[in-house]
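Here's the letter readout for the chains.
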Amino acid sequence: MDNERAVEKFKNLLVDDPDLSPAVAALRVLMDFMNEDTSETIQGLEKSIKSLVEALNTVDFSVTSVKSACELFMRFITLASLDHSDIKECRRVLSLRAVKFLRRVSNARAKIAKIGEKFIFDDQVILIHSHSRVVYQTLVEAHASKKRFHVYITESAPDFSGKLMYEKLEKAGLSCTLILDAAVSYVF
């Protein structure tokens, strides 16, 4: 798989599953890319993956999470290459590590929401900016445990991701208000 196809796959994963984190999508693409790469040396494999990482970091999605996921994946490459000099064994170990890591990352949102929900109390007023899948799940978790609270969400111009968050929270039955970004001091 070349970089162009890998980037397309990354974009398609995010379009097909809007709830999928860009970091998880990047990890899936990196895993598939690594498994399909035909490099015959560890240095060649590392060079190919670095090239894909650079390509993924130019895609207009959550750049910070994608960059972090790619950096973590590259650390796996470095650690595995230090342990194994044989490329086949290195690929096998990397594949096992990547599957385990991807499983952990995929379950992280639910764990964080379960822990975060405990920090929300009755009659609290919460102010959030933009849209976050983790924050959304945490608030829904708190609402499901019958806590009463109100959420103010900034519209988050220019992409208006806060409006998306507002719509999702409202649909989930939470008490919330969408505000202009400039109204934050008023809400405070």
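The coordinates are above.
Below you will find a few notes about this structure.

Each value, and the rule that gives it
Residues numbered from 1 in each chain as written. Predicted model: local features only at pLDDT ≥ 70, side-chain atom pairs only at ≥ 80, totals over all residues. Heavy atoms only, no water. 1 Å grid on protein atoms, 1.4 Å probe; cavity = no way out; pocket = protein on both sides within 12 Å on 5 of 7 lines; lining within 4 Å. Points joined across faces, edges and corners; volume = space filled by probe spheres on them. Helix = DSSP H or I, 4+ residues; strand = E, 2+ residues; numbered from the N terminus. Nonpolar A, V, L, I, M, F, W, Y, C, P; charged D, E, K, R; others polar. Pairing = 2+ DSSP bridges. Axes fitted to C-alpha atoms, helices over the stretch in contact; angles between N-to-C directions. Contact = heavy atoms within 4.5 Å.

As for the layout of surface pockets
Then step 1. In this model, the largest pocket occupies a volume close to 720 Å³.
Then step 2. Taken together, 27 residues line the largest pocket, and the ones lying closest to its centre are Leu20, Ser21, Pro22, Arg109 and Arg133.
Then step 3. For the lining of the largest pocket, the elements supplying multiple residues, two or more each, are helix 2 (22-36), helix 5 (87-116), helix 6 (133-144) and helix 7 (161-171).
Then step 4. Its residues assigned to classes, the lining of the largest pocket comprises twelve nonpolar, eight polar and seven charged.

Looking at the sheet that holds strand 2 (residues 149-154)
Within a sheet, each strand pairs with its neighbour through backbone hydrogen bonds, oriented either parallel or antiparallel.
Then step 1. The sheet built from three strands is open, its strands ordered 1-2-3 with parallel pairing. Both edges of this open sheet fall to strand 1 (124-129) and strand 3 (175-179), since each of them pairs with a single strand only. Across the sheet, the axes of successive neighbouring strands diverge by a mean angle of 20°, strand direction being ignored.
Then step 2. Across five bridges, strand 2 lies against strand 3 in parallel orientation. Counted as the bridge partner of His150 is Ser175 from strand 3.
Then step 3. Against the sheet, helix 6 engages strand 1 and strand 2, with an angle of about 160° to strand 2.
Then step 4. Packing of helix 7 onto the sheet brings it into contact with strand 1, strand 2 and strand 3, and relative to strand 3 it is tilted by some 160°.

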